[in-house]
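Next come the chains, spelled out residue by residue.
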Amino acid sequence: MWWVCRLPKASWGPGLGSVLQPADGRIPFLIHWSWPHKGERPLGLSRAFIRHHGSSAGSGPPSRRHGQLFQDISASEAVQHYRRNLAEWFSRLPREERQFGPTFALDTVHVDPVIRESSPDELFRPTAELALEHQPPLAGLPALALSQLFDPDACGRQVQTVVLYGTVGTGKSTLVRKMVLDWCYGQLPAFELLIPFSCEDLSSLGPAPASLCQLVAQRYTPLKEILPLLAAAGSRLLFVLHGLEHLNLDFRLAGTGLCSDPEEPEAPAAIIVNLLRKYMLPEASILVTTRPSAIGRIPSKYVGRYGQICGFSDTNLQKLYFQLRLNQPDCEYGAGGAGISATSAQRDNLVQMLSRNLEGHHQIAAACFLPSYCWLVCATLHFLHAPTPAGQTLTSIYTSFLRLNFSGEMLDSTDPSKLSLMAYAARTMGKLAYEGVSSRKTYFSEEDVRGCLEAGMKTEEEFQLLHVFRRDALRFFLAPCVEPGRQGTFVFTVPAMQEYLAALYIVLGLRKTTLQRVGKEVAELVGRVGEDVSLVLGIVAKLLPLRALPLLFNLLKVVPRVFGRVVGKSREAVAQAMVLEMFREEDYYNDDVLDQMGASILGVEGPRRHPDEPPDDEVFELFPMFMGGLLSAHNRAVLAQLGCPIKNLDALENAQAIKKKLGKLGRQVLPPSELLDHLFFHYEFQNQRFSAEVLSSLRQLNLAGVRMTPLKCTVVAAVLGSGRHALDEVNLASCQLDPAGLRTLRPVFLRARKLGLQLNSLGPEACSDLRDLLLHDQCQITTLRLSNNPLTAAGVALLLEGLAGNTSLTHLSLLHTGLGDEGLELLATQLDRNQQLQELNVAYNGAGDTAALTLAQAAQDHPSLELLHLYFNELSSEGRQALRDVGSTAKGGARVVVSLTEGTAVSEYWSVILSEVQRNLNSWDRSRVRRHLELLLRDLEDSRGDTLNPWRKAQLLRVEGEVRALLEQLGGPGS
């Protein structure tokens, strides 16, 4: 189906460089694909990986002096103070990075992307050539390490100005941060002083004049004392200008005059121009980072070297990144306070599975050439397998991922519209994504992409914006398909991103029919003029016989209301489509969306398809999840920062339309995996009131067979834990639950009347949580099924403590729980501590005659116990007869079920016994079950021989047939 950050620009953070996997064929249309040459040797790990041990903020910079520039004690101390402040600032983690654990530090997981030197001839080809064709890097240009950026060029000339360029998300901010921290820790000895500037920060100052010294002093107070020494620093002074695309530079003398004095006030853009001209501080070294569309803002004669950030051009770099990221220790506690951290072996297993999938699944490897998407894969896996921070959702991960890559980014700083890059992507890529979802396809031709990008373009300004988007961001969203037979088509870099953008396109209201587009304008116009015209004609009608005209123009006031109803119908149609996608019967045989996502990333077996479903049918079950998630308050706030605001009224009306449709279709009984998807939708929406109203009719929670990971337990508890109405039954049989899951789900269990926890491998340690559940003052459980769990006698001892203080439980099943004689004797001695129990099942527990008889006698003395199941225990013929005698002689005591017969008649519980056998046939010890069935068959035959009643003989023969059929299934004889 599909598989699945950098710091904000103001903070310059962790997204890494990017490149796409090479393809055999030539892919037109998408410009500036950066592909490595075939046959090139991958960059060695010694060059590609630099690792700092420990936290940057906690490690002090080197104490030794560098060079001869700052020999004065006060100057040296100022530089050391500056190093410490700079290291602390650039080491700060955004909230999205804190999810990776309390000891996580970006320095310990940094993997350098490949940087390849480019030539001006390659960069400044005519636009017509770049528009439709891929231009690979020129052969022979080497890969560069950060320490080699300022080495002399091929002609031996000293390089003073380096321009690094890369599309959105390729890691320009990470490289800047890496270089700054390297300098702070003394790993760039060639530079005695490094001064970083954010061009976004400088652009916010506008044309207000300020000198270079003032700009430095305002941002880095410790450097005030050494500002007079800047001119003498020469090439040992390094300026880092990050994000040049934010500045509109004019290198014409008529536009920007010459200025060589660092203390002369000028506009910030003018200071940058004169630094790059080498007219101000001509010997200083300068590193510039920019997007490809802004490379031409600096004349090539002022640039000594161009470097293209090419990402992880070798899967070994990808594997190294994943190994470092995913092997970080998890947070100590999960959202619910329970320690559910992944073990080292589990983390290693994730890394190994992901590595194998990278080697065998070329499309995933192609996406992971973009290091920013490697971050997204790690964040998704961490979300699926590690403790989930409170309030974190899959939609919030994708929204934060886009914020970390696009926050503060305008499409073109020279364009007067100041259009947000993310808003442009939502309009164009969102349209392509939604058309793919609506037509159920994930592969797009060149014509498909061109049609969405160029739709409705009429002006030169619009085509200029499209040109910038193609160069800077198109490859962030689309990748050439590398699957066999699909060459020449394009896919979204991460398939789940298609569903996210399609949902964003809808909730932003960008999908409009022709009637809506024209009708809105007409309605607004008519609404403005209708009232004035009606007033004027009302006055004229008093003088002239035109009384019918005011009536006609009064009708104009109705037009806005009619249009509003049209918009409302459109919202209902979108909600209907979303709900139908969520409840498609064709997807009923799929795994839940969380398992599908994990399988697509880790490469395990994918979703099971419906037998009648075409093999190439695409599944878009994340689309409705993202629609709900984008309507949550948190995600709307983040989208507003990206320039994609969703109005509160629009969100409310969309939510009401969705609730109306969910209320109609959500009452149907769903398969367990689809029910979990429904709950996951509510978890993504993060609106408890909405979920409580929609799920008020839910009475049975059947998730049997769903693998309940810590995340799924959190989802179910968050959605259903705060509800008020009781749940008639909660069935979590065969869900691989553990004690941590039981603790997470306790709020849901407290609402349940019947609780099924069979086949979960729950051991004695889980019984302490079950004891606490039974002792809770809000517990209303009447039936508790714990069969086929290795509770043992130690676990039963804890359960008995809970039974002693519980007043609601009436039916308890401990079938096949490994109690043995010790467990049954414990039950016998403490059974009277509970006065409400009506039925107790301790069948198939390996107990002998003595323990079983002791428990049966205790059951006869119990005031409320009516039924005791003891079949399939290790009972002798004499023991079974003694138990029958106890049950038959007691007056008003509990009935004891030990066989399929009662005397010469069939037991009324024979179907219960055989149904338990049939249900557990594949999980129980087959030889042991066969032996017990043969004993039961012998009892039936003996009873049939002892009776002369033809009716009883017929009943006994019928049950014998059922037992023989089970024996045949087990491979035993039928008699």
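Labelled according to an unreviewed UniProt entry, the protein appears under the name NLR family member X1, originating from Puma concolor. According to the UniProt record, the Subcellular location (unreviewed entry) comment for the protein is "Mitochondrion outer membrane". Per its UniProt entry, the protein bears the Subunit (unreviewed entry) comment "Homohexamer. Interacts with MAVS. Interacts with TUFM."

S.K.: Which residues make up the sheet that holds strand β1 (residues 114–118), and what values do they have?
M.R.: Pairing is mixed in the open sheet, where seven strands are placed in the order β2-β1-β7-β3-β6-β5-β4. Edge strands, defined here as strands with exactly one partner in the open sheet, are β2 (143–144) and β4 (193–198). Two strands pair when backbone bridges link them, and strand β3 (residues 161–165) and strand β6 (residues 285–290) are joined in this way by five bridges, in the parallel orientation. In the sheet register, Val162 faces β6, and the bridge partner there is Leu287. Of the strands in this sheet, β4 and β5 (237–242) touch helix α8 (residues 212–219), which is tilted by about 90° from β4.

S.K.: Run through the sheet that holds strand β12 (residues 752–756), naming residues and quoting values.
M.R.: The strand order β10-β11-β12-β13-β14-β15-β16-β17 describes an open sheet built from eight strands, whose pairing is parallel. Edge positions in the open sheet fall to β10 (700–702) and β17 (895–897), since each of these has one partner strand only. Within the sheet, the average angular offset between the axes of one strand and its neighbour, ignoring direction, is 10°. Looking at chain direction, strand β15 (residues 839–841) and strand β16 (residues 867–869) are connected through three bridges and run parallel. The residue of β16 that forms the bridge with Glu839 is Leu867.

S.K.: How would you sum up the packing of helix α12 (residues 344–360) against helix α24 (residues 593–602)? Please name residues and give values.
M.R.: Two elements in contact, α12 and α24, have axes separated by 7 Å at closest approach and are oriented at 65°. Two secondary-structure elements touch here, α12 through Leu350, Met353, Leu354 and Asn357 and α24 through Ser600, Ile601 and Leu602. Of the residues assigned to the contact of α12 with α24, the class counts are five nonpolar, two polar and no charged.

S.K.: Give a description of the pairing of β12 that names residues and reports values.
M.R.: As defined by bridge partners, strand β11 (residues 727–731) adjoins β12 across four bridges and the pair is classed as parallel. The residue bridging Asn731 from the neighbouring strand is Gly756, located in β12. Pairing of β12 with strand β13 (residues 783–785), which is carried by three bridges, proceeds in the parallel orientation. Following the sheet pairing, Leu755 is matched in β13 by Leu784. Read from β12 through helix α33 (residues 764–775) to β13, the crossover connection turns out right-handed.

S.K.: Any chance you could break down the environment of Gly818 for me, citing the residues and the numbers?
M.R.: By the element assignment, Gly818 lies in the loop between β14 (811–813) and α35 (820–830). Sequence-wise, Gly818 and Leu791 are 27 residues apart; in three dimensions their C-alpha atoms are separated by 6.4 Å. In this structure, Gly818 is in contact with Thr792, Ala793 and Asn845, ignoring residues within four places of it in sequence.

S.K.: Residue-level account of the pattern of salt bridges, with values.
M.R.: Going through the model one piece at a time under the given rule, you end up with 34 salt bridges. A salt bridge links Asp728 to Arg753, with the shortest nitrogen-to-oxygen separation between them at 3.4 Å. In this pair, Asp728 is assigned in strand β11 and Arg753 in strand β12, connecting sequence segments 25 residues apart. In this structure Asp728 comes out as partly exposed when scored by relative accessible area, which is 34%. Overall, Arg753 belongs to the partly exposed group, its relative accessible area being 37%. Its salt-bridge partner being Glu960, residue Arg964 comes within 3.3 Å of it at the nearest N-O pair. With a gap of four residues between them, Arg964 and Glu960 both fall in helix α40 (residues 950–969), about one helical turn apart. Given a relative accessible area of 21%, Arg964 falls into the partly exposed group.

Rules and cut-offs
- Residues numbered from 1 in each chain as written.
- Predicted model: local features only at pLDDT ≥ 70, side-chain atom pairs only at ≥ 80, totals over all residues.
- Heavy atoms only, no water.
- UniProt positions renumbered as here; feature names shortened; annotations may be inferred.
- Pairing = 2+ DSSP bridges.
- Helix = DSSP H or I, 4+ residues; strand = E, 2+ residues; numbered from the N terminus.
- Contact = heavy atoms within 4.5 Å.
- Axes fitted to C-alpha atoms, helices over the stretch in contact; angles between N-to-C directions.
- Nonpolar A, V, L, I, M, F, W, Y, C, P; charged D, E, K, R; others polar.
- Right-handed = clockwise from strand over helix to strand, strands pointing away.
- Salt bridge = Lys/Arg side-chain N within 4 Å of Asp/Glu carboxyl O.
- Buried < 20%, exposed > 50% of the residue type's maximum accessible area, 1.4 Å probe, protein only.

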